[in-house]
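Here is how the chains run, residue by residue.
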Amino acid sequence: MKKPLFLAGSNPLLRFVVFALLSIALVYYDLHGHQLDRLRSTLNTLIYPLQIAVDFPARAASWVNEALVNRSRLIEQNNRLRAENLQLSSRLRSLESLKYENEELQRLLKAARSLEYDFILARLLAVSMNRIQQRIIIDKGSRDGVETGVALLDGLGLMGEVTRAYPYHSEAILISDASEAVPVRIARNGLRGIASGTGVNSTLKLLYFPVTADIREGDVLVTSGLGGRYPPDLPVATVSRIASSSNSPFAEVEATPLAALGQSRRVLILKPGRVDDDGGEGE
Amino acid sequence: MILMPKPAPMYITLIVAAMLQLIPLPDFVSDARPLWLPMTVLFWNITAPSWFNIGSSWLVGIFLDLLTGSLLGQHALAMVAMSYIGIRFYKQYRLYSVAQRLLLAGSALLVWQLIDNWIWRIDGQTPGAAQIWLPLLTSLLLWPWYQGVLDWVDEHWRADIARE
């Protein structure tokens, strides 16, 4: 008799108040400051198995999908990939020579160092519950070399940036998040601006392009590297719509991200490895 | 005699709900995604309030915060408020008609949505109207059936204990 009485009778209002206050305090400290960062990091590592469990159906589905692909399709796919690989590697070889040429020229211009990238391949574990926040969880963390602040790509273009790296997984924010802004330039003529997210996967807003700017539909935007958050020259988006309103000095420009933000299940994490030309540190 | 629920099936329903909640989906489906995890928590609040109390809901909320990377405490606060409504009315709930049940579940889930979205706004995000109301609508459409499924799980394992 004692047990159910104690359990059922314990004051729900009291509990409500206590836990609500606790939550509000957590939200407050998480919002203003970094006191909770270590707690969050520890807890996140502890619940990593849960993250994996939650991801299980997606993983199982892709496994079944791969297991059920029939042989002729595999052969076909294999042939196609081989042809593609041949093409790409020949193209890469011509790029190699361009790269050396470029390095030579940069050395002549006394540019201290050029950047070369390594990629870490990661899988999407989860997405934020709805589109309010365009945020994803990926299955590689600081143990695999992921750092906070590194860029995230898929095969087509820039996806976003890692916001927190935990030992076994990390969180990333997508370029389409309304609070995210990427410094970009137009690949065709080098005009600079900022691409800001809209909260919708398929659209970015371009800020600070004057009405008179030389910008056309179909222009490709790449990162400008300004601000140092994203490395330069990563493809970001193509301009999809330009409108000018009479009362604003800036054009209203919309762009479509190149990366398949809503669909990519595999992502590349850019691992910046600096390639110094020998005298780099001595100076 | 009171049959105490065994924890395992409850954990399983919660984990399955978390899977449904977080599995990556295309945008247009994701917008209307039912509130699986809040629905599941609410069900257990109403069905076994002495066992799945506000503290348990809070814990599930914290897990969800960690899993989604939102502000710590955001979903926890929403869960706690929603659960309070559920637990406050759990005795009446079993006597309610279908419409009254929907009204209660709807109010509780609405509280969840509003608090959740309110904290998004504090965090600088701007959720649209559809992102508040669509999930609520699909959740309520599903609620009677989903409750049936969970009821079955609940009764099934309680009966098992009674036989032992």
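So, how was this worked out
- Residues numbered from 1 in each chain as written.
- Chains lettered and ligands numbered in written order.
- Predicted model: local features only at pLDDT ≥ 70, side-chain atom pairs only at ≥ 80, totals over all residues.
- Axes fitted to C-alpha atoms, helices over the stretch in contact; angles between N-to-C directions.
- Helix = DSSP H or I, 4+ residues; strand = E, 2+ residues; numbered from the N terminus.
- Parallel < 35°, antiparallel > 145°, perpendicular 65-115°, else oblique.
- Left-handed = near helix turned anticlockwise from the far one by under 90°.
- Contact = placed C-beta atoms within 7 Å.
- Nonpolar A, V, L, I, M, F, W, Y, C, P; charged D, E, K, R; others polar.
- Core = buried A, V, L, I, M, F, W, Y, C linked by C-beta atoms within 7 Å.
- Buried ≥ 20, exposed ≤ 12 C-beta atoms within 10 Å, placed from the backbone.
- Domains from an automatic or database assignment.
- pLDDT = per-residue confidence, 0-100.
- Pairing = 2+ DSSP bridges.
- Expected span 1.5 Å × (residues − 1).

**Digging into the packing of helix α3 (residues 36-47) of chain B against helix α4 (residues 54-68) of chain B**
Residue and element names in this part refer to chain B.
Then, number 1: Axis separation between α3 and α4 bottoms out at 11 Å; the angle between their running directions is 170°. Classified by the interaxial angle, the pair formed by α3 and α4 is roughly antiparallel. The two elements α3 and α4 cross, and the hand of that crossing is right-handed. For the pair α3 and α4, contact is made by Leu37, Val41 and Asn45 and by Ser57, Val60 and Leu64, respectively.
Then, number 2: The residue inventory of the contact of α3 with α4, partitioned by class, reads four nonpolar, two polar and no charged.

**Notes on the nonpolar core**
Grouped burial of nonpolar side chains is what soluble globular proteins tend to show.
Then, number 1: Residues Leu158, Ala195 and Val236 of chain A together with Val80 of chain B are the most contacted members of the largest nonpolar core, which totals 94 residues.
Then, number 2: Looking at this core, the element that brings in the most residues is helix α5 (residues 74-88) of chain B, giving 10 residues.
Then, number 3: Both of domain 1 (12-63) and domain 3 (118-274) of chain A provide at least three residues apiece to this core.
Then, number 4: Residues in contact with Leu158 of chain A, not counting those within four places in the same chain, are Ala151, Leu153, Ile175, Val182, Thr223, Tyr230, Leu234, Pro235, Val236 and Ala259 of chain A.

**Quick look at the environment of Pro127 of chain B**
Residues and elements named next belong to chain B.
Then, number 1: Among the structural elements, Pro127 can be located in the loop between α7 (98-122) and α8 (129-163).
Then, number 2: When the 19 C-beta atoms within 10 Å are taken as the criterion, Pro127 is described as partly exposed.
Then, number 3: As a C-alpha pair, Pro127 and Asn117 span 10 residues in sequence and 6.7 Å in three-dimensional space.

**Quick look at the confidence of the model for chain A**
All names here are of chain A.
Then, number 1: Confidence along chain A averages 80 in pLDDT terms, with 87% of residues attaining 70 or more.
Then, number 2: Below pLDDT 50 for its whole length, residues 1-8 participates in six contacts with residues either more than four positions away or in separate chains.
Then, number 3: A low-confidence stretch, residues 274-283 stays under pLDDT 50, and its non-local contacts, those more than four residues away or across chains, total 11 contacts.

**Observations regarding the sheet that holds strand β9 (residues 220-223) of chain A**
All names here are of chain A.
Then, number 1: What the six strands build is a closed barrel, ordered β6-β7-β8-β11-β10-β9; its pairing is antiparallel. Strand-to-strand twist of the sheet, defined as the mean angle between neighbouring strand axes without regard to direction, takes the value 45°.
Then, number 2: In this sheet, β9 lies alongside strand β6 (residues 181-186) in antiparallel orientation, the contact comprising three bridges. Paired with Ile186 across the strands is Leu221, a residue of β9.

**What about the interface of chain B and chain A?**
Then, number 1: Contact residues are listed per partner, giving 44 residues for chain B and 44 residues for chain A.
Then, number 2: Among the elements of the structure, α1 (7-22), α2 (27-30), α4, α5 and α7 of chain B are those that each provide at least two residues to the side of chain B that touches chain A.
Then, number 3: Looking at which element gives the most residues to the side of chain B that touches chain A, the answer is α5 of chain B, with eight residues.
Then, number 4: Of the residues belonging to the side of chain B that touches chain A, the class tally is 27 nonpolar, 13 polar and four charged.

**As for α4 of chain B**
Residues and elements named next belong to chain B.
Then, number 1: The terminal C-alpha atoms of α4, which comprises 15 residues, lie 21 Å apart, in line with the 21 Å expected from a rise of 1.5 Å per residue.
Then, number 2: Most of α4 is tucked away, with 12 of its 15 residues classed as buried.
Then, number 3: Of all the residues in α4, the buried ones are Ile54, Ser57, Trp58, Val60, Gly61, Ile62, Phe63, Leu64, Asp65, Leu66, Leu67 and Thr68.
Then, number 4: Positive backbone phi, approximately 75°, marks Gly69, located one or two places after α4.

**Brief notes about the environment of Pro38 of chain B**
Then, number 1: You can see Pro38 of chain B is positioned in helix α3.
Then, number 2: In contact with Pro38 of chain B, not counting residues within four places along its chain, are Met79, Met82, Leu109 and Trp112 of chain B.

**Digging into the pairing of strand β4 (residues 158-165) of chain A**
Residues and elements named next belong to chain A.
Then, number 1: Most of β4 sits out of view: seven of its eight residues are buried.
Then, number 2: Of the strand pairs in this sheet, strand β3 (residues 151-153) and β4 are connected by three bridges, and their pairing is antiparallel. Considered in β4, the bridge of Leu153 is made with Leu158.
Then, number 3: Counted along the chain from β3 to the antiparallel partner β4, the turn is four residues long.
Then, number 4: Bridging between β4 and strand β5 (residues 170-174) involves five bridges; their strand directions are antiparallel. Note on β5: the bridge partner recorded for Val162 is Ala172.
Then, number 5: The turn joining β4 and β5, which pair antiparallel and follow one another in sequence, is formed by four residues.

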